[in-house]
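Below are the chains, spelled out letter by letter.
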Amino acid sequence: TTLDATLSAIAEIGAKPHAATALVSGQAVSGTARAVVRPADPSQPIGTVIEASSDDVARALIAADAAADRWAATPVEERAACLERLADLLEAHRLELMVLCVHEAGKTIGDAVAEIREAVDFCRYYAVNAREQFRPVSLPGPTGELNELRLTGRGTFACISPWNFPLAIFIGQVTAALVAGNPVVAKPAPQTPLIAFRAVQLAHEAGIPADVLHFLPGGPDVGAALTASAAVHGVAFTGSTGTARAIARSLLSDDSRPLVPLIAETGGLNAMIVDSTALPEQVVGDVVTSAFRSAGQRCSALRLLIVQEDVADRIIHMLKGAMDALVLGDPADIRTDVGPVIDASAHNKLLAYRQSMKAQWIHTLEAPHTGLFVPPTLIRLNAIEDLSQEWFGPILHVVSWKAGELDSVVARINARGYGLTMGLHSRVAETAERVKSLAKVGNLYVNRSMIGAVVGSQPFGGEGLSGTGPKAGGPHYLLRFASERTVSVDTTSAGGNATLL
Ligand code: UN1
């Protein structure tokens, strides 16, 4: 069957060694290769990467700067066409990309399919958006004056991307910066360089010039070198709030440097409020998806379930049953619902936290003995404020609320300072309206799961400690990657050029 053929292709491609290297103007760099491991079994490397040295970073920035004017002057139609060819190439190579997603990032097959889809969607959406928005626009003014607004590239952008969407977010940041007319230096997360390397090769094949897109895999040193450089005219970053703050400091640290934008998408303490009118089966399905899909490793994921006390026992009882039905294991196995977490450091932190909360466990599962697995765990808290921080894994906290407390529940969630996603399950229209008006979040989900924002329909991103905006996959995203130039010409004055009239 097609499924069997796909699964054996996944096994076959997954067994091959994969190699990535930093690319400066399309040229592989020299250096020592480091192993890239599989979260499902860190003793089995999936391939190797040669990371960028500080010299490679410097050379990439010089080459990008030299290409900046040429790329900004390339018609937007040509830049958009590159993104559309890239979308086609990503689709054509989807099997290989899925395999890398499964083995390098530990994603389930279902998540890997969604990841490739989202990357393709970003390319096509930003291509269409750029064509619409980068046309010069005439603005009304007095007779005898011409006013025109133009968008143009700002200069080299550093795109610093996370391991949790190693293709989709990587591609989303890079294509937005490119189509807006900027050269890009792209730094993937250290855990997931292989899939990003393939994406960059495909982007070059799609027509993005090699000196316009450089690939700089590496750790925090590479990121710090990029953000410290005056050659960087903007940063797109997805990752932790703390790192976003460090980047902002670095961008502002040198008084002689231009002020450049930071587009940051960071963490959340995402809550779902459930009232006593909600449909329990639907709540439980949406909670399991929101909290445990992708092993809870999405910034959109549900961390805190806030259930009205008169239905709490029933919901928790059903939730335990639904958790028991989850299959933990090898992400390359089609039956798996919950795969491993990304690396040993995440694994250790999550297990230590989970253990420290043992007295408050409501329910948990057994984990496989090898691999970086964290058992999905339900933890009871007394108050919203007891959730100390974002735990980036399959750990869900539960608190209860009483009738009449809705406004204060939302206010207490808002008071934590994050503002990414929030969920509500209720069949009362006034309750939904109340939460819509009070919730300070970027994405509010009513009577559905809280993850899986769709490019173009559900622009994604938060506020406060969760990010700077604009929203990825939304109509305003590209604008932040561009400079606005207003050109005003007096066509009546003596010096006016008759051809302008
Ligand atoms: C993230 O985890 O960094 O809505 C973003 C979602 C995804 C975005 C998650 N489209 O779940």
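Thresholds, definitions, all that
- Residues numbered from 1 in each chain as written.
- Predicted model: local features only at pLDDT ≥ 70, side-chain atom pairs only at ≥ 80, totals over all residues.
- Helix = DSSP H or I, 4+ residues; strand = E, 2+ residues; numbered from the N terminus.
- Rg over C-alpha atoms; globule rule 2.2 N^0.38 Å.
- Buried ≥ 20, exposed ≤ 12 C-beta atoms within 10 Å, placed from the backbone.
- Contact = placed C-beta atoms within 7 Å.
- Near = placed C-beta within 6 Å.
- Nonpolar A, V, L, I, M, F, W, Y, C, P; charged D, E, K, R; others polar.
- Axes fitted to C-alpha atoms, helices over the stretch in contact; angles between N-to-C directions.
- Parallel < 35°, antiparallel > 145°, perpendicular 65-115°, else oblique.
- Left-handed = near helix turned anticlockwise from the far one by under 90°.
- Pairing = 2+ DSSP bridges.
- Expected span 1.5 Å × (residues − 1).
- Core = buried A, V, L, I, M, F, W, Y, C linked by C-beta atoms within 7 Å.
- UniProt positions renumbered as here; feature names shortened; annotations may be inferred.
- Right-handed = clockwise from strand over helix to strand, strands pointing away.

Student: Please explain the overall build of the protein chain as it appears in this structure.
Tutor: Across its full length, the protein chain holds 14 helices and 22 strands. The C-alpha radius of gyration computed for the protein chain amounts to 24 Å, which stays within 12% of the reference 23 Å derived for 501 residues, consistent with globular compactness. Put simply, the protein chain has 501 residues, and 50% of those count as buried. Residue pairs at least 24 apart in sequence account for 74% of intrachain contacts in the protein chain once pairs closer than 6 positions are excluded.

Student: When you look at the site of the ligand in this model, what are you seeing that I'm missing?
Tutor: Around the ligand, the surrounding shell consists of P162, N164, F165, T238, R298, C299, S300, I451, G452, A453 and F460. Partitioning the shell around the ligand into residue classes produces 6 nonpolar, 4 polar and 1 charged.

Student: Mind showing me how you'd approach the packing of helix α13 (residues 406–414) against helix α14 (residues 429–438) here?
Tutor: Axes are the key here: two packed helices are described by the angle between their axes and the distance separating the axes. Orientation of α13 relative to α14, taken along the N-to-C sense of each, is 30 degrees, at an axis distance of 10 Å. Between α13 and α14, the crossing angle belongs to the class labelled roughly parallel. The handedness of the crossing between α13 and α14 comes out as right-handed. For the pair α13 and α14, the contacting residues are L406, D407 and V410 in the first and T431, R434, V435 and L438 in the second. Across the contact of α13 with α14, the residue classes tally to 4 nonpolar, 1 polar and 2 charged.

Student: Sorry, what's going on with the sheet that holds strand β14 (residues 304–308) here?
Tutor: Hydrogen bonds between backbone atoms are what pair the strands of a sheet, whose relative direction is either parallel or antiparallel. Within the open sheet, the 7 strands sit side by side as β15-β16-β17-β14-β13-β19-β20. Their pairing is mixed. Single-partner strands in this sheet number two, and they are β15 (361–364) and β20 (443–446). Here the average twist between neighbouring strands, direction ignored, is 20 degrees. The pairing of strand β19 (residues 421–425) with β20 spans 4 bridges and is classified as parallel. Residue pairing in the sheet places T421 in a bridge with N443 of β20. Against the sheet, helix α11 (residues 309–324) contacts β13 (271–274), β14, β15, β16 (377–380) and β17 (395–401), and its axis sits at roughly 135 degrees relative to β14.

Student: It is not clear to me how α11 should be interpreted in this structure. Could you clarify?
Tutor: The α-helix advances 3.6 residues per turn, and as a result positions three or four apart in sequence lie on the same side. Over its 16 residues, α11 extends 23 Å from the first C-alpha to the last, a length consistent with the 22 Å expected when each residue adds 1.5 Å. Lining the buried residues of α11 we find β13, α10 (280–292), β14, β15 and β16.

Student: What is the right way to look at the nonpolar core in this model?
Tutor: The nonpolar side chains of a soluble globular protein tend to be buried, and buried together. With 156 residues, the main nonpolar core has C123, L167 and I306 as its most contacted residues. Per-element accounting of this core gives the leading share, 11 residues, to helix α5 (residues 109–133). For I306, the contacting residues outside a window of four places in its chain are A271, M272, I273, V274, I384, V399, W401 and V409.

Student: Is there a simple way to think about the UniProt feature "active site" (unreviewed entry) in the protein chain in this case?
Tutor: Residues given the UniProt feature "active site" (unreviewed entry) here are E265 and C299. Their sequence span is 35 residues, while the largest C-alpha to C-alpha distance among them is just 8.8 Å; these annotated residues converge on one region. Summarising the element assignment, E265 is placed in strand β12 (residues 262–265). Among residues more than four places away in sequence, those in contact with E265 are T238, C299, G461, G467 and A472. Here C299 is to be found in the loop between α10 and β14. Under the C-beta neighbour-count criterion, C299 is labelled buried, with 27 such atoms within 10 Å.

Student: I would appreciate a short explanation of unusual backbone geometry in the present structure.
Tutor: Among all residues except glycine, the phi angle is most often negative; among peptide bonds, the trans geometry is most common. For the bond from G469 to P470, the omega torsion is -5 degrees, close enough to zero to count as cis. Along the polypeptide, P470 turns up in the loop between β21 (463–464) and β22 (482–490). For A295, which is not a glycine, the phi torsion comes out positive at approximately 50 degrees. Relative to the assigned elements, A295 resides in the loop between α10 and β14. Looking at A295, the number of C-beta atoms within 10 Å reads 32, which means it is buried. One non-glycine residue with positive phi stands out, namely N447, at about 55 degrees. Within the secondary structure, N447 sits in the loop between β20 and β21. Note on N447: 15 C-beta atoms within 10 Å, which makes it partly exposed.

Student: Can you walk me through the sheet that holds strand β4 (residues 33–38) in this structure?
Tutor: The mixed open sheet is built from 3 strands, whose spatial order is β1-β5-β4. The sheet terminates laterally at β1 (18–21) and β4, the two strands that pair on one side only. Pairwise comparison of adjacent strand axes, ignoring direction, gives a mean angle of 40 degrees for this sheet. Alignment of β4 against strand β5 (residues 41–50), held across 6 bridges, turns out to be antiparallel. Bridging across to β5, V36 finds its partner in G47.

Student: Sorry if this is basic, but what is going on with α10 here?
Tutor: When the terminal C-alpha atoms of α10 are compared, their 18 Å separation across 13 residues agrees well with the 18 Å that a helix rising 1.5 Å per residue should span. Against β13, β14, α11, β17 and β19 lie the buried residues of α10.

Student: Looking at this model, I keep getting lost on the packing of α5 against helix α6 (residues 168–179). Mind explaining?
Tutor: Two elements in contact, α5 and α6, have axes separated by 8 Å at closest approach and are oriented at 15 degrees. One finds that α5 runs roughly parallel with respect to α6. The handedness of the crossing between α5 and α6 comes out as right-handed. Along its contact with α5, which presents E115, E118, A119, F122, C123, Y126, A127 and A130, the element α6 presents A168, I171, G172, T175, A176 and V179. A breakdown of the residues in the contact of α5 with α6 according to their chemical character gives 10 nonpolar, 2 polar and 2 charged.

Student: Please clarify how the environment of A291 should be interpreted in this entry.
Tutor: Here A291 lies in helix α10. Remark: the alpha-carbon pair of A291 and I109, spanning 182 residues in sequence, is separated by 18 Å. Every residue in contact with A291, bar those within four places of it in the chain, is listed here: G296, A301, L302, P394 and L396.

Student: What is the right way to read the pairing of strand β9 (residues 184–187) from this model?
Tutor: Successive residues of a regular strand alternate their side chains across the two faces of the sheet. Both faces of β9 are covered, namely the face carrying V184 and A186 and the face carrying V185 and K187. Note: strand β8 (residues 157–160) against β9, 4 bridges, orientation parallel. Note that in β9 the partner of C159 across the bridge is A186. With α6 bridging β8 and the parallel β9, this β-α-β connection has right-handed handedness. As paired elements, β9 and strand β10 (residues 213–215) share 3 bridges and run parallel to each other. By the bridge assignment, V185 is partnered in β10 with H214. You can see the chain leave β9, run along helix α7 (residues 193–205) and come back into β10, and the turn it takes is right-handed.

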